[in-house]
4 protein chains.
Amino acid sequence: MGKGRLEAFSDGVIAIIITIMVLELKVPEGEELGGLHHLLPVFLSYVLSFVYVGIYWNNHHHLFQAVRQVNGKILWANLHLLFWLSLLPFVTHLAGENHRSATAVALYGVVLLMAAVAYFMLSRSLISHHGEGSALAQAVGGDAKGKISLGIYAVAIPLAWAAWWATVLLVALVAVIWLVPDRRIEKTLTSNAE
Amino acid sequence: MGKGRLEAFSDGVIAIIITIMVLELKVPEGEELGGLHHLLPVFLSYVLSFVYVGIYWNNHHHLFQAVRQVNGKILWANLHLLFWLSLLPFVTHLAGENHRSATAVALYGVVLLMAAVAYFMLSRSLISHHGEGSALAQAVGGDAKGKISLGIYAVAIPLAWAAWWATVLLVALVAVIWLVPDRRIEKTLTSNAE
Amino acid sequence: MGKGRLEAFSDGVIAIIITIMVLELKVPEGEELGGLHHLLPVFLSYVLSFVYVGIYWNNHHHLFQAVRQVNGKILWANLHLLFWLSLLPFVTHLAGENHRSATAVALYGVVLLMAAVAYFMLSRSLISHHGEGSALAQAVGGDAKGKISLGIYAVAIPLAWAAWWATVLLVALVAVIWLVPDRRIEKTLTSNAE
Amino acid sequence: MGKGRLEAFSDGVIAIIITIMVLELKVPEGEELGGLHHLLPVFLSYVLSFVYVGIYWNNHHHLFQAVRQVNGKILWANLHLLFWLSLLPFVTHLAGENHRSATAVALYGVVLLMAAVAYFMLSRSLISHHGEGSALAQAVGGDAKGKISLGIYAVAIPLAWAAWWATVLLVALVAVIWLVPDRRIEKTLTSNAE
């Protein structure tokens, strides 16, 4: 089974997720827009979530460059990842509107944690389908960033009840870790091509 | 006529349907998010509908792998399927908000029933275009799962007026039946390729 | 310039238009869903608009099968068509909520008229780019259906102030005319291929 | 790394942006739709933003025709452009509802300015990846239109506090400048092909 439609469908879902989050930025009522500054936390949560969805799209793109074929299990592992990403607009709005609420900030962290778990499961399904000695398996490698992210989320979520801003900082830290370009797969593919 | 744009258009519509359902998860008003637990039935109906749309996308993907060409009648049979799927976000929200209402739960069942009928009609159009002896016709086969699903829906819908939870359980049962990987088409295609 | 991205972009926009219309079906408030029957005109206007968008997608699909290349003018003629189609969800909701209002029903007709004009302009741009003797020009032919549709809209719109249901019937009649499969382009392409 | 998925993802995001803006056109409450004329500024801001998104899609399309390959930096430069474009529906609605508010109109200008800056950064990333002597670099050329646009935005934004309509006129002027077909890249590609 080819990977074309899986990529096209994932691109579609991720494109919609990254775009509909902005629908939560509601125009405030009242004269001369004095209420606009109340939108700042909502706007910042939008920026953070936009960056996260961008990271997932980039990683998905890199990962599937090394994919040769897919099967039914991989289709569902991919849908599982898209499920958790589809909850991002909801928890983004929840946390943006209630950024001092431990529950809201913790739920934002839980959705990110589950998306990271789903991404890990997807990459394991792909490796088991392509073989441990495949270019894909080499390219994914030890997945240090993925493991570090899971560890940080596990610390950040309970921390929300002590200090919501610490959770936000840790979650933003994970985004920064991923923003540093991940050249693993790119390099392995290049060296295989040589 | 090639199948490329039909697949791309269907992927787009299904990607939007699966993603906009989450817009119905509204952030509750009030202090400390005590109202979040009221969202549980809405969330569970979202999960069920997400799984259903995922099943339809998977089945559509499998079915069209065996498709060689399409005609105007098939384009409309496909749009007919997309029409009923497009109503899923509405009935998902309706049933999630009113899960004890027989009307709401029954309407959810009716939309699923009509989507199943539309899928059956689509596969018949495809078989009549490719011929009864085609790889596609062999791959679709007796369509036992499809027939069982129609039977369960027919029982589940009137049951809503007796016990809404029985309808929900039966509808969830159909999803489980489909989640068990359907290797019919995959196998036939593989054995034809050998 | 290739037609691939124009088709993909148009598919995306049309997929979104056909899907977001359902967001206007709002779950009514109140016990036992007694208010559901008030949704009937909104639902019927949704069905009519879904059929219309399906017709435009089908016709666009057929038309571009005969297209060899595009230029900047064609990109804008296509965006012009998408603009009028993008207004369909708004006028669908407007007419569905106010189906006895002459203004609402007439505006629905005006958007359909403008979409038909835009489609005509798009097909003229394509013919002028491919040449009057091209397979595309032959395939479009005299465009009798297009001209008849424009005539019916021109009658139907002012009629809204006399009898809203006459406008609705005429608009539905145009949809029926188009639903009868249009084999012009398909046939010309097939006979050229022979 | 191929450009296919970047184009498909960008097409998806831009298709959603251009379409969801129309969701802000809310059906007015009340008898006989007397309130419809209040929608005129909202409608005009929708038309202007539709044209702007159309211009960006056209320019993106032209630019990427000359692109041979992409890297991680280019993926992020493209996401940066999509981020600012994704804010257009919000500021379109803000400015449409409050067109006499200096803040609203200025914010609309700021988002357009940042999108223009992001587009400039994207084209620089692409040129640095393909080389200053590449067909792409020749095709982009001196980018006079881009520089003029940045200059007009820089004047138009502070002007909002003096005369909101002057800002709107200048922003519309930039759209007109871009609507005049940009044949630079097309011509260079054609002459290279000869």
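Everything that follows concerns the structure shown earlier in this document.
What counts and what doesn't
- Residues numbered from 1 in each chain as written.
- Chains lettered and ligands numbered in written order.
- Predicted model: local features only at pLDDT ≥ 70, side-chain atom pairs only at ≥ 80, totals over all residues.
- Heavy atoms only, no water.
- Least-squares fit on C-alpha atoms with pLDDT ≥ 70 in both.
- Contact = heavy atoms within 4.5 Å.
- Helix = DSSP H or I, 4+ residues; strand = E, 2+ residues; numbered from the N terminus.
- Expected span 1.5 Å × (residues − 1).
- Buried < 20%, exposed > 50% of the residue type's maximum accessible area, 1.4 Å probe, protein only.
- Buried area = accessible area lost by both parts, 1.4 Å probe.
- Salt bridge = Lys/Arg side-chain N within 4 Å of Asp/Glu carboxyl O.
- Nonpolar A, V, L, I, M, F, W, Y, C, P; charged D, E, K, R; others polar.
- Polar contact = N/O pair within 3.5 Å; in protein donor to acceptor, adjacent residues only side chain to side chain.
- Axes fitted to C-alpha atoms, helices over the stretch in contact; angles between N-to-C directions.
- Parallel < 35°, antiparallel > 145°, perpendicular 65-115°, else oblique.
- Left-handed = near helix turned anticlockwise from the far one by under 90°.
- Patch = residues over 30% accessible without salt bridge, like charges linked within 9 Å, V, L, I, M, F, W, Y side chains within 5 Å.
- Areas by Shrake-Rupley, 256 points an atom, 1.4 Å probe, with all protein chains shown as cover.
- Lys, Arg positive; Asp, Glu negative; His and termini not counted.
- Charge placed at Lys NZ, Arg CZ, Asp CG, Glu CD.
- Core = buried A, V, L, I, M, F, W, Y, C linked by side-chain atoms within 4.5 Å.

### Some points on the relation of the copies chain A and chain B
In step 1: Note on the identical chains: chain A maps onto chain B by a rotation of 90° and an axial translation of 0.0 Å, with an RMSD of 0.0 Å. In short, the pair behaves as if placed about a four-fold rotation axis. Of every C-alpha in chain A, the one belonging to glycine 12 of chain A sits nearest the axis of rotation, 4.3 Å from it.
In step 2: Little of the interface of chain A is mirrored in chain B, where only 3% of its interface residues are also at the interface.

### Examining the relation of the copies chain D and chain A
In step 1: Placing chain D over chain A gives an RMSD of 0.0 Å and needs a rotation angle of 90°, together with 0.0 Å of translation along the axis.
In step 2: A different interface surface on each copy is seen, since only 7% of the contact residues of chain D are contact residues in chain A too.

### A look at the environment of alanine 115 of chain B
In step 1: You can see alanine 115 of chain B is positioned in helix α5 (residues 102-130).
In step 2: Among all residues touching alanine 115 of chain B, those that are not within four sequence positions of it are Tyr56, Leu81, Trp84 and Leu85 of chain B.

### With respect to helix α8 (residues 164-179) of chain A
Residue and element names in this part refer to chain A.
In step 1: Given a rise of 1.5 Å per residue, 16 residues ought to cover 22 Å, and the 23 Å separating the end C-alpha atoms of α8 matches this to within 8%.
In step 2: Burial in α8 covers these residues: Ala166, Thr167, Val171, Val174, Ala175 and Trp178.
In step 3: Buried residues in α8 make contact with α2 (40-65), α5 (102-130) and α7 (144-159).

### Details of the interface of chain D and chain A
In step 1: In this complex, chain D contributes 30 residues to the contact, which on the side of chain A involves 34 residues.
In step 2: Between chain D and chain A, roughly 2,800 Å² of surface is buried when both sides are summed, and carbon and sulfur atoms account for 75% of that area.
In step 3: Of all residues in chain D, the largest losses of buried area upon contact with chain A belong to Arg5, Phe9 and Trp76 of chain D, amounting jointly to 29% of the total for that side.
In step 4: Where chain D touches chain A, the interface holds two salt bridges.
In step 5: Counting only elements with at least two residues in the side of chain D that touches chain A, the list comes to α1 (4-20), α3 (72-86), α4 (88-97) and α5 (102-130) of chain D.
In step 6: Per element, the largest residue contribution to the side of chain D that touches chain A is nine residues, and it comes from α1 of chain D.
In step 7: Looking at the side of chain D that touches chain A residue by residue, the class counts come to 19 nonpolar, nine polar and two charged.

### So, the interface of chain A and chain B
In step 1: Every contact between the two is made by 29 residues of chain A and, on the other side, 34 residues of chain B.
In step 2: When residues of chain A are sorted by the area they lose upon contact with chain B, Arg5, Phe9 and Trp76 of chain A head the list and together hold 29% of the total.
In step 3: Where chain A packs against chain B, one counts two salt bridges.
In step 4: Across the pair aspartate 11 of chain B and arginine 5 of chain A runs a salt bridge whose closest N-O atoms are separated by 2.7 Å.
In step 5: For the pair chain A and chain B, the interface holds three residue pairs in polar contact (both at pLDDT 80 or more).
In step 6: Secondary-structure elements contributing two or more residues to the side of chain A that touches chain B are α1 (4-20), α3 (72-86), α4 (88-97) and α5 of chain A.
In step 7: The element best represented in the side of chain A that touches chain B is α1 of chain A, accounting for nine residues.

### Digging into the packing of helix α1 (residues 4-20) of chain B against helix α1 (residues 4-20) of chain C
In step 1: Two numbers describe how α1 of chain B lies on α1 of chain C: the axes approach to 9 Å, and their chain directions differ by 40°. Classed by the angle they form, the pair α1 of chain B and α1 of chain C counts as oblique. The element α1 of chain B and its partner α1 of chain C pack so that their crossing is right-handed. Within the contact between the two elements, α1 of chain B uses Arg5, Ala8, Phe9, Gly12, Val13, Ile16, Ile17 and Ile20 of chain B and α1 of chain C uses Glu7, Ser10, Asp11, Ile14, Ala15, Ile16, Ile18 and Thr19 of chain C.
In step 2: Grouping the constituent residues of the contact of α1 of chain B with α1 of chain C by class yields ten nonpolar, three polar and three charged.

### Remarks on a positive patch on the surface
In step 1: Where like charges cluster on the molecular surface, the positive patch consists of Lys26 of chain A, Lys26 of chain B, Lys26 of chain C together with Lys26 of chain D.
In step 2: Its location among the elements puts lysine 26 of chain D in the loop between α1 and α2 (40-65).
In step 3: With relative accessibility at 54%, the residue lysine 26 of chain D sits in the exposed group.

### Overview of the environment of alanine 156 of chain A
In step 1: In this fold, alanine 156 of chain A is placed in helix α7.
In step 2: Between the alpha carbons of alanine 156 of chain A and leucine 112 of chain A there is a distance of 11 Å; along the sequence they are 44 residues apart.

### What about the nonpolar core?
In step 1: One finds Tyr52 of chain A, Tyr52 of chain C together with Tyr52 of chain D to be the most contacted residues of the largest nonpolar core, which totals 263 residues.
In step 2: Not counting residues up to four positions away in its chain, the partners in contact with tyrosine 52 of chain C are Leu88, Tyr108, Leu112, Tyr153, Val171, Val174 and Ala175 of chain C.

### What to know about the pattern of salt bridges
In step 1: One pass over the full model with this rule turns up 16 salt bridges over all chains.
In step 2: In this structure, arginine 124 of chain D engages glutamate 132 of chain D in a salt bridge whose closest nitrogen and oxygen atoms are separated by 3.2 Å.
In step 3: Given a relative accessible area of 58%, glutamate 132 of chain D falls into the exposed group.
In step 4: Ionic contacts of the salt-bridge type, sharing partners, join the residues Lys3, Glu7 and Asp11 of chain A together with Arg5 of chain D into one network.

### So, the environment of valine 53 of chain B
Residues and elements named next belong to chain B.
In step 1: As for its position among the elements, valine 53 is in helix α2 (residues 40-65).
In step 2: As for valine 53 and serine 86, which are separated by 33 residues in sequence, their C-alpha atoms are 9.9 Å apart.
In step 3: In this structure valine 53 touches Ile14, Ile17, Ile18, Met21 and Leu88, once residues within four positions along its chain are discounted.

### Here we look at unusual backbone geometry
Residues and elements named next belong to chain B.
In step 1: The residue aspartate 143 is not glycine, and still its phi comes out positive at about 55°.
In step 2: One can find aspartate 143 in the loop between α6 (135-140) and α7 (144-159).
In step 3: Note on aspartate 143: relative accessible area 13%, which makes it buried.

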